[in-house]
Amino acid sequence: MTEIKQYLENLESNLKTKYPNQKEYLQAVAEFMGTIEPFLNQNPIFVEKNILEMLLVPERLIEFRIPWMSDSGEWKVNTGYRVQYNSALGPYKGGMRFHPTVNQSIMKFLAFEQIFKNSLTSLPIGGGKGGSDFDPKGKSEGEIMRFCQSLMQELQKYIGPDQDIPAGDIGVGGREIGYLFGEYKRLNSYQAGVLTGKPLSYWGSLARTEATGYGLVYFVEHLLNDQKDSFAGKKVLVSGSGNVAIYAIEKAQELGATVYGCSDSSGYVIDPEGIDLNLVKEIKEIKRDRIKTYLEKKPKAKFVEKGNIWSDEFYFDIALPCATQNEISEELAKQLVQNGVQIVAEGANMPTSLEALEVFKENNILYCPGKASNAGGVAVSALEMAQNAQRLPWTFEQVDHELNQIMKNIYETCRDTANRYANKNDFVSGANIAGFERVAKAMLSQGLV
Ligand code: GLU
């Protein structure tokens, strides 16, 4: 075994001993470590200076109590987190997730991936992530507001426009960002740049809502264009029906694809006529209802209660997983291969398990990892910060154009880095190595800090 391989194995096994129960975190690290060796072989300085071990330790991990009162007057409590993982490239940047599954493992995996994702955007942002195990499902408007206010009373001590800039993620959209911002403003001064994903009526950026979904489709379109192909005429399935899924469907349809299905935690819908996006938007964005109700207006569609969309036998070309981590198991990956899928591009963070990844590799499926293909959201967050600092809003076209350029650049960087250090079309290696290179160089230049 080479010295570098041994170094990587030791780091990983130490982490396993230290955090044996942090499954998702160990998974994200394993995926990364499995690709970085060829780069280290050519750049041994990063091993000599132990940059990798340094990078693995979060700069700061904050865990706190969030007390809040329910509508009926009950005293409730949740746990809040903010992982400030790495600030070599800029202030910590990353979303807040409200979901009952949130724990330290989930927070650390998300923050770890965010470091490389943010690096790939080429914008000046470090990596962070936060959230709470609070479940927004079934909560009233008042409960959501009080919860956000209580969370911010504590979080405000650790964030700032040049320090750490949270945004949305699962369970956190414009409404929650609004309440968080209001509370921050009350406790501090008016600092628009402390949060991104703000509503358009005050300092929000046009195209931020669309950015992750649009960016995902732009990434894949650049990949297809490289092969003299395009989205036009393609059959697509999307998982999820939140913000990322909705705008991925919108852009894919705009580019001439037909999207046949989407899902939520209640089950999935397949519409043989193609998904009616206005209906999905009405259900999800306005009524905040379950996707099941799609059938009330489109009785020809099929709904599979509690089903995972990737288990369906529908024959299609492009899979866009936009729901959540590990939604594609090994078995489901095999099903996708059988269904004729050629491209899997992640809108969610780590929706593919390590075993599923192997299945895609063995079958030459073009697989685009989330840290590259879903970077459009955080990229436009950074553009929102730029607009806030300028005190000037940009037009939708301007932001959208920048987004497309950034996604093109990320795609080309991943492609070229894969060609240089790994195999053609190995976008996992391409994304990890290119993302790591920028961060590692910055860490080296900033010294032992
Ligand atoms: N939560 C998003 C992500 O996973 C966006 C983060 C942001 O805009 O800061 O990248």
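In the block above lies the structure referred to throughout.
Residues numbered from 1 in each chain as written. Predicted model: local features only at pLDDT ≥ 70, side-chain atom pairs only at ≥ 80, totals over all residues. Heavy atoms only, no water.

> How should the overall build of the protein be read in this particular structure?
Within the protein one finds 18 helices and twelve strands. For the protein, the C-alpha radius of gyration of 21 Å lies close to 22 Å, the compact-globule estimate for 449 residues. By principal-axis analysis of the C-alpha atoms, the protein measures approximately 60 × 55 × 45 Å. A total of 449 residues make up the protein; the buried ones form 59% of that total. In the protein, 71% of the contacts between residues at least 6 apart in sequence involve partners at least 24 apart. Carbon and sulfur atoms make up 49% of the accessible area of the protein, which amounts to about 18400 Å² in all. Of the side chains in the protein, 48 bear a positive and 56 a negative charge, and the two mean positions are spaced by 3 Å. (Helix = DSSP H or I, 4+ residues; strand = E, 2+ residues; numbered from the N terminus. Rg over C-alpha atoms; globule rule 2.2 N^0.38 Å. Buried < 20%, exposed > 50% of the residue type's maximum accessible area, 1.4 Å probe, protein only. Contact = heavy atoms within 4.5 Å. Areas by Shrake-Rupley, 256 points an atom, 1.4 Å probe, with all protein chains shown as cover. Lys, Arg positive; Asp, Glu negative; His and termini not counted. Charge placed at Lys NZ, Arg CZ, Asp CG, Glu CD.)

> Looking at this structure, how should I read the sheet that holds strand E9 (residues 302-305)?
Whenever strands of a sheet pair, they do so through backbone hydrogen bonds, lying parallel or antiparallel. If you trace the seven strands from one edge of the open sheet to the other, you get E9-E8-E7-E6-E10-E11-E12, paired in mixed fashion. One side of each edge strand has no neighbouring strand; the edge strands of this open sheet are E9 and strand E12 (366-368). Adjacent strand axes in the sheet meet at a mean angle of 15 degrees when their direction is disregarded. Across four bridges, the pairing between strand E7 (residues 258-264) and strand E8 (residues 267-270) is antiparallel. In the sheet register, Asp264 faces E8, and the bridge partner there is Gly267. Where helix H10 (residues 243-254) meets the sheet, its contacts fall on strand E6 (235-239), E7 and strand E10 (318-321), and the angle it forms with E7 comes to roughly 175 degrees. (Pairing = 2+ DSSP bridges. Axes fitted to C-alpha atoms, helices over the stretch in contact; angles between N-to-C directions.)

> Would you take a moment to explain the nonpolar core for this structure?
Generally speaking, soluble globular proteins have nonpolar side chains that are buried together. Core analysis: the biggest nonpolar cluster contains 63 residues, and Phe231, Leu320 and Ile410 have the highest contact counts within it. The dominant element in this core, judged by the number of residues it contributes, is helix H9 (residues 208-226), at nine residues. Contacts of Ile410, omitting those with residues within four sequence positions, involve Leu120, Thr121, Phe219, Ala372 and Ala375. Counting residues in each nonpolar core, the second largest holds 42 residues, with Phe32, Phe39, Leu89 and Met107 among its members. (Core = buried A, V, L, I, M, F, W, Y, C linked by side-chain atoms within 4.5 Å.)

> What is the right way to read the site of the ligand from this model?
Looking at the ligand, there are 14 residues lining it, with Lys93, Lys117, Gly168, Asp169 and Ser381 nearest. Here an oxygen atom of the ligand and a side-chain polar atom of Lys93 are 2.7 Å apart. Contacts to the ligand include Gly168, whose backbone N or O atom sits 2.9 Å from a nitrogen atom. In isolation the ligand has 300 Å² of accessible area, and contact with the protein removes 94% of it. (Near = heavy atom within 4 Å. Polar contact = N/O pair within 3.5 Å; in protein donor to acceptor, adjacent residues only side chain to side chain.)

> Would you mind going over the side chain of Asn374 with me for this structure?
Summarising the element assignment, Asn374 is placed in the loop between helix H15 (370-373) and helix H16 (376-390). Residue classification places Asn374 among the buried residues on the basis of a relative accessible area of 3%. Beyond its immediate chain neighbours, meaning those up to four positions away, Asn374 contacts Lys117, Thr212, Glu346, Gly347, Ala348 and Asn349.

> Help me out: how do you make sense of unusual backbone geometry in this one?
Comment: phi is negative for the bulk of residues other than glycine, and the bulk of peptide bonds are trans. With phi around 50 degrees, Met350 is a residue other than glycine that occupies positive phi space. If you trace the backbone, Met350 turns up in the loop between strand E11 (343-345) and helix H14 (354-362). For Met350, a relative accessible area of 4% corresponds to the buried category. For Arg391, which is not a glycine, the phi torsion comes out positive at approximately 55 degrees.

> How do you make sense of the packing of helix H17 (residues 396-421) against helix H18 (residues 427-446) when you look at a structure like this?
How two helices pack is summed up by the angle between their axes together with the distance between the axes. Where H17 contacts H18, the axes come no closer than 7 Å and their chain directions differ by 100 degrees. Classed by the angle they form, the pair H17 and H18 counts as roughly perpendicular. The residues of H18 that touch H17, namely those facing Tyr411, Thr413, Cys414, Arg415, Thr417, Ala418 and Tyr421, are Phe427, Gly430, Ala431, Ile433 and Ala434. Across the contact of H17 with H18, the residue classes break down as eight nonpolar, three polar and one charged. (Parallel < 35°, antiparallel > 145°, perpendicular 65-115°, else oblique. Nonpolar A, V, L, I, M, F, W, Y, C, P; charged D, E, K, R; others polar.)

> Looking at this structure, how should I read the packing of aromatic side chains?
Aromatic ring pairs are reported here in terms of the distance separating the ring centres and the angle at which the planes meet. Taken as a whole and assessed by the stated rule, the structure comprises 27 aromatic pairs. Members of the aromatic cluster, joined through ring pairs, are Tyr19, Tyr25, Phe32, Phe39, Phe46, Tyr85, Phe112, Phe116, Tyr421 and Phe436. Across from the ring centre of Tyr19, 3.4 Å away, lies the NZ or CZ of Lys108, which sits over that ring. (Phe/Tyr/Trp six-rings, centres within 6.5 Å; stacked < 30°, edge-to-face > 60°. Lys NZ or Arg CZ within 6 Å of the ring centre and 35° of its normal.)

> What is the right way to look at the environment of Glu250 in this model?
Position of Glu250 among the secondary structure elements: in helix H10. Along the sequence, Glu250 and Asp416 sit 166 residues apart, while their C-alpha atoms lie 29 Å from each other. Those residues in contact with Glu250, other than ones at most four positions away along the chain, are Tyr214, Leu277 and Lys281. Within the structure, the side chain of Glu250 is placed 2.5 Å from the side chain of Lys281, a separation counted as a polar contact.

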